Amino acid sequence: MPPLTVMFKTVSSDCNLNCSYCYYRQSAAGSRQRRLLTPEVLAAFFPQYMDYVADAGQAHLSWQGGEPLMAGREFFQSVMGLEAAAARPPMVISNVIQTNATLIDRGWADFFARYNFLVGVSLDGPAAIHNRERKDAAGRGTFSRVMRGIGFLRDANVDFNILCVVSPHNVLEAESLLGFYISQGFTHLQFLPAMAFSSGEPDVAPSYLVTAADYGQFLKQVFDIWYGNGLPRFSVRTFDNFLQSLLGIGNDLCIHAESCHAGIVVEYNGDVYPCDFYIHPEYKLGNILVQSLRDMVSSRLMTEFAQRKPRQLPLVCRNCEWEFICRGECPRNWIQPAAGRDAAGYFCRSYREFFPYACERLKKLADRISNYRRWREWQARHPQASQLPDADCPCGSGIKHGACCGLSGNSDCYLFR
């Protein structure tokens, strides 16, 4: 069986912050009630999951909320025990947690280091920008607490990345955002447009707090800074994803993948869904306390959901020159056609502006990566061969080695490490 990524809604929508753009605040329920994953659900899930991914030898587990740290360290310590007890050696278990970082202290950082967690930290930019929208229940900005939490992660050598929610408070501030992130030495960034609808209401039309035009301009400005001289020094997940498409590598971001098969979502009560954007009775695969995980993942409903993107791709996307890299974005963003007109996704305009602007540079970088991979393969076959700067590069580019794969600047680019 292939690897299966699982997202746990650890405490459902409960959170210690009150960010103005949070879609949970705008949801139909409007609830911040804590619904902690029950011991019964976890005990039933892990043996089945580890059995399912045993052949792949990889377990990918993501802990989200709300704010998942509100579950407490004792909860996560028990989870580590369940994972270890059910694992099939030499299986590799990867845990990822998305947090606002305000609750991270030395104890949490040591825990993450001990169990090799990858931590996603929500940080919307420098203090003046971040504090506009990311406030606590008392209306106080949270920037200093987030940075304190990041300090603990750094002290414990925990791998972390930055998630920036893009909304009216920062969509016109691309240069300020990137300048701040670079100054802080952050190496992995992800940008996520703020929704104006609930992910659990798939019958509600997609709407975002930023316009497609503004988001397209934002992407272009971020890209210029990221690309630099053609040897990017920090990761932006969206651009990494586009490079994966150009290199023929399966996308790790479902938005621009060929199908909707990113994994499953497990709710506090054991209900299982195929996507965080479709937590709705119509798309429920079953419940881990009632049905087997293997049956749910191999069900007709799961198969149909995974294939709905290629089967239902809007005609305007099928005829678009950028479909090979955009893949029609997320089906949840598809706008229903009006008056017989075919319609694409909410951010279609963003990508139609971005790709003509950036794609040639992305292709150039993809070619350089391909050459570099061929060079490394040649090196592996000829470990004793000398690599003189004035010799033809063995990657086959026809360029001298010192100006190609042996270029000194390559070592500064994260894509060549």
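Okay, so let's go over this structure.

The rules we used
Residues numbered from 1 in each chain as written. Predicted model: local features only at pLDDT ≥ 70, side-chain atom pairs only at ≥ 80, totals over all residues. Heavy atoms only, no water. Helix = DSSP H or I, 4+ residues; strand = E, 2+ residues; numbered from the N terminus. Axes fitted to C-alpha atoms, helices over the stretch in contact; angles between N-to-C directions. Parallel < 35°, antiparallel > 145°, perpendicular 65-115°, else oblique. Left-handed = near helix turned anticlockwise from the far one by under 90°. Contact = heavy atoms within 4.5 Å. Nonpolar A, V, L, I, M, F, W, Y, C, P; charged D, E, K, R; others polar. Pairing = 2+ DSSP bridges. Phe/Tyr/Trp six-rings, centres within 6.5 Å; stacked < 30°, edge-to-face > 60°. Buried < 20%, exposed > 50% of the residue type's maximum accessible area, 1.4 Å probe, protein only. Lys NZ or Arg CZ within 6 Å of the ring centre and 35° of its normal.

Some details on unusual backbone geometry
Each neighbour pair has its own omega, and for Gly-65 with Gly-66 the value is 5°, a cis peptide bond. Note that Gly-66 resides in the loop between strand E2 (58-64) and helix H3 (73-86). Pro-89 connects to Pro-90 through a cis peptide bond whose omega is 5°. Following the sequence through the fold, Pro-90 ends up in the loop between H3 and strand E3 (92-99).

Thoughts on the packing of helix H8 (residues 212-227) against helix H14 (residues 348-381)
Where H8 contacts H14, the axes come no closer than 7 Å and their chain directions differ by 15°. When the axes of H8 and H14 are compared, the pair comes out roughly parallel. Here H8 and H14 pass one another in a crossing that is left-handed. Two secondary-structure elements touch here, H8 through Ala-212, Ala-213, Tyr-215, Gly-216, Gln-217, Leu-219, Lys-220, Phe-223, Asp-224, Trp-226 and Tyr-227 and H14 through Arg-349, Ser-350, Tyr-351, Glu-353, Phe-354, Tyr-357, Ala-358, Arg-361, Leu-362, Lys-364 and Leu-365. Considered class by class, the residues forming the contact of H8 with H14 number 13 nonpolar, 3 polar and 6 charged.

Focus on the sheet that holds strand E9 (residues 271-273)
Strand order in this open sheet of 10 strands is E7-E6-E5-E4-E3-E2-E1-E8-E9-E10, and the pairing throughout is mixed. The sheet terminates laterally at strand E7 (235-236) and strand E10 (286-287), the two strands that pair on one side only. As paired elements, strand E1 (residues 5-9) and E2 share 5 bridges and run parallel to each other. Note that in E2 the partner of Val-6 across the bridge is Leu-61. Docked against the sheet, helix H2 (residues 39-52) engages E1, E2, E3 and strand E8 (264-266), running at close to 150° with respect to E2.

With respect to the packing of aromatic side chains
Tallied over the full model, the rule gives 47 aromatic pairs. With a centroid separation of 5.3 Å and 75° between ring planes, the pair formed by Phe-191 and Phe-218 is classed as edge-to-face. One end of the pair, Phe-191, is in strand E6 (residues 188-193); the other, Phe-218, is in helix H8, with 27 residues separating them in the sequence. Assigned by exposure class, Phe-191 and Phe-218 land together as buried. Their ring planes at 85° and their centres at 5.6 Å tell us that Phe-223 and Phe-354 sit as a pair that is edge-to-face. Of this pair, Phe-223 sits in helix H8 while Phe-354 is found in helix H14, placing the two residues 131 residues apart along the sequence. The exposure class assigned to Phe-223 is buried, which follows from its relative accessible area of 0%. Arg-73 extends its terminal NZ or CZ atom over the ring of Trp-108, reaching a point 5.4 Å from the ring centre. Cation over ring: Arg-361 sits above Tyr-227, and NZ or CZ is 5.6 Å from the ring centre.

Structural measurements only, silent on function.
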